[in-house]
Amino acid sequence: MPSYPKTIRIVDVSPRDGLQNIKKTISTAHKVELINRLQQAGVNTIEVASFVSPTWVPQMADAADVLSQLDLNSGTNFTVLTPNLKGFERALASGVKEIAVFSAASESFTKKNTNCSIDESLARIEDIMRSALENNIRVRGYVSCVLGCPYDGDISPDKVAFVTQSLVDMGCYEVSLGDTIGIGTPLKAKAMLERVLQEVNANQIGLHFHDTRGQALANLLACLEYGIASVDASVAGLGGCPYAKGASGNISTEDVVYMLHGMGIETGIDLDKLAQAGHFITKKIGVSNNSRIGHVLN
Ligand code: HMG
Ligand code: MG
């Protein structure tokens, strides 16, 4: 029998990954209400926005306004994505205590997403990290395209392991492995993870699977066997990176929580309230709810 963790931390990324690719401007008030509802459902880590270039991702232009309306001392861990020092400084001014930095295991995707090479992205992260350490800010890392890239095709697990280790060495307390375009299958996901775990520990890894081809829950289950206890997901299965051709939604938080609770794994989340949060945001922004459990509960 595989041995799964007793408790898993859910990082709900819907206010950032879930909304970043939606063309119609979503009001700050709706973003804030989504975050409040996630918080009330018991989600204790929420990626609430990104401080990226508003030209590149217009939907995130109101990140500072969103942050200004959250209670940053509530005990919930609010985190934001930052691509460079400028983004980090904006994040610092907003009062967050944690940020996320991102690189990828694919050169072409890194160029499309952040207009630089992988090495340059790591150098930018080093600058951020220096400032983050000085300011007592926790840093989480992402590696994108861990199971394939829309431009470069297959990605070597060695490259994923190298970028992951670089981020851990720089000081990321955890690195989230992103199947950005939802292209992986379970055995491929396991092989990639096994290679990464030759360099870093299971408690330094998170899983961030998009569900483009309906494989995310299967991939997640396969990887949880290795003792990974941190999972990214998005209510209503919203999500997708604007610079990854063909990317679609993240694994749905409702579906993940249903599966984990069914396996006796604790998350601290109230599934009914969570499903209501997914229902709320999809109705407000007029998109379909891609969570199976969300449909059952609504
Ligand atoms: P660039 O155009 O090369 O940037 O973009 P630049 O340094 O040349 O600056 C150009 C202008 O942008 C300047 O303004 C800067 O000040 C401004 P101007 O002088 O022209 O007026 N600027 C900024 N403004 C606000 N905030 C900033 C910022 N930085 C520069 N932080 C850059 C380079 C990295 C900025 C750009 O490519 C960018 O913002 N990329 C982010 C794209 C993005 O958000 N992608 C989605 C998130 S990643 C993801 O979804 C994957 C993930 O979910 C995991 C997975 O699924 O695999 C995490
Ligand atoms: Mg993503």
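Everything below is about the structure shown above.
Residues numbered from 1 in each chain as written. Chains lettered and ligands numbered in written order. Predicted model: local features only at pLDDT ≥ 70, side-chain atom pairs only at ≥ 80, totals over all residues. Heavy atoms only, no water.

Moving on, we get to the overall build of the chain. For the chain, the helix and strand inventory stands at 12 helices and eight strands. By the compact-globule yardstick of 19 Å for 298 residues, the chain fits well, its C-alpha radius of gyration being 17 Å. The dimensions of the chain, computed from C-alpha atoms along their principal axes, are 50 × 45 × 35 Å. Long-range contacts, defined as pairs at least 24 residues apart, comprise 75% of the intrachain contacts of the chain with a sequence gap of at least 6. Of the roughly 12,000 Å² that the chain leaves accessible, carbon and sulfur atoms contribute 49%. Between the mean site of the 26 positive side-chain charges and the mean site of the 31 negative ones, the chain shows a separation of 5 Å. (Helix = DSSP H or I, 4+ residues; strand = E, 2+ residues; numbered from the N terminus. Rg over C-alpha atoms; globule rule 2.2 N^0.38 Å. Contact = heavy atoms within 4.5 Å. Areas by Shrake-Rupley, 256 points an atom, 1.4 Å probe, with all protein chains shown as cover. Lys, Arg positive; Asp, Glu negative; His and termini not counted. Charge placed at Lys NZ, Arg CZ, Asp CG, Glu CD.)

Attention now moves to the side chain of Thr-76. Tracing the sequence through the fold places Thr-76 in the loop between α3 (63–68) and β3 (77–81). What Thr-76 contacts, discounting residues up to four positions off in sequence, is Gln-39, Val-43, Asn-44 and Ile-46.

The next thing to look at is the site of ligand 1. Near ligand 1, the surroundings consist of 27 residues, among which Asn-84, Asn-113, Asn-115, Ser-144 and Thr-180 are the closest. Between Ser-53 and ligand 1, the recorded distance is 2.9 Å, taken from a backbone N or O atom to an oxygen atom. Between ligand 1 and Lys-86, the relevant distance is 3.0 Å, taken from an oxygen atom to a side-chain nitrogen or oxygen of the residue. In this structure the site holding ligand 1 corresponds to the largest pocket. (Near = heavy atom within 4 Å. Polar contact = N/O pair within 3.5 Å; in protein donor to acceptor, adjacent residues only side chain to side chain. 1 Å grid on protein atoms, 1.4 Å probe; cavity = no way out; pocket = protein on both sides within 12 Å on 5 of 7 lines; lining within 4 Å. Sits in = over half its atoms within 2 Å of the grid points.)

Here the focus is helix α8 (residues 186–196). Among the residues of α8, those classed as buried are Ala-189, Lys-190, Met-192, Leu-193 and Val-196. In a view along the axis of α8, the buried residues occupy a sector of 165°, so they form one face of it. On its buried side, α8 packs onto α7 (157–170), β6 (174–179), β7 (205–209) and α9 (216–224). (Buried < 20%, exposed > 50% of the residue type's maximum accessible area, 1.4 Å probe, protein only. Arc of directions from axis to C-beta.)

Another aspect to go through is the coordination of the magnesium ion (ligand 2). Coordination sphere of the magnesium ion (ligand 2), protein contribution only: Asp-17 (OD), His-208 (NE2) and His-210 (NE2), at 2.0 to 2.3 Å. Along the chain, the residues donating to the magnesium ion (ligand 2) fall in the pattern D-x190-H-x1-H. A residue pair is termed long-range when its members are at least 10 positions apart, and Asp-17 in helix α1 (residues 14–20) and His-208 in strand β7 qualify at 191 residues. On the basis of relative accessibility, which here comes to 2%, the residue Asp-17 falls in the buried class. Looking at His-208, the relative accessible area reads 5%, which means it is buried. (Donors = N, O, S within 2.8 Å, 3.2 Å for Na, K, Ca; no water.)

Here the focus is a negative patch on the surface. A contiguous patch of negative charge, built from Glu-107, Asp-119, Glu-120 and Asp-152, is present on the exposed surface. Note on placement: Asp-152 falls in the loop between β5 (138–144) and α7. Owing to a relative accessible area of 35%, Asp-152 belongs among the partly exposed residues under this scheme. (Patch = residues over 30% accessible without salt bridge, like charges linked within 9 Å, V, L, I, M, F, W, Y side chains within 5 Å. Salt bridge = Lys/Arg side-chain N within 4 Å of Asp/Glu carboxyl O.)

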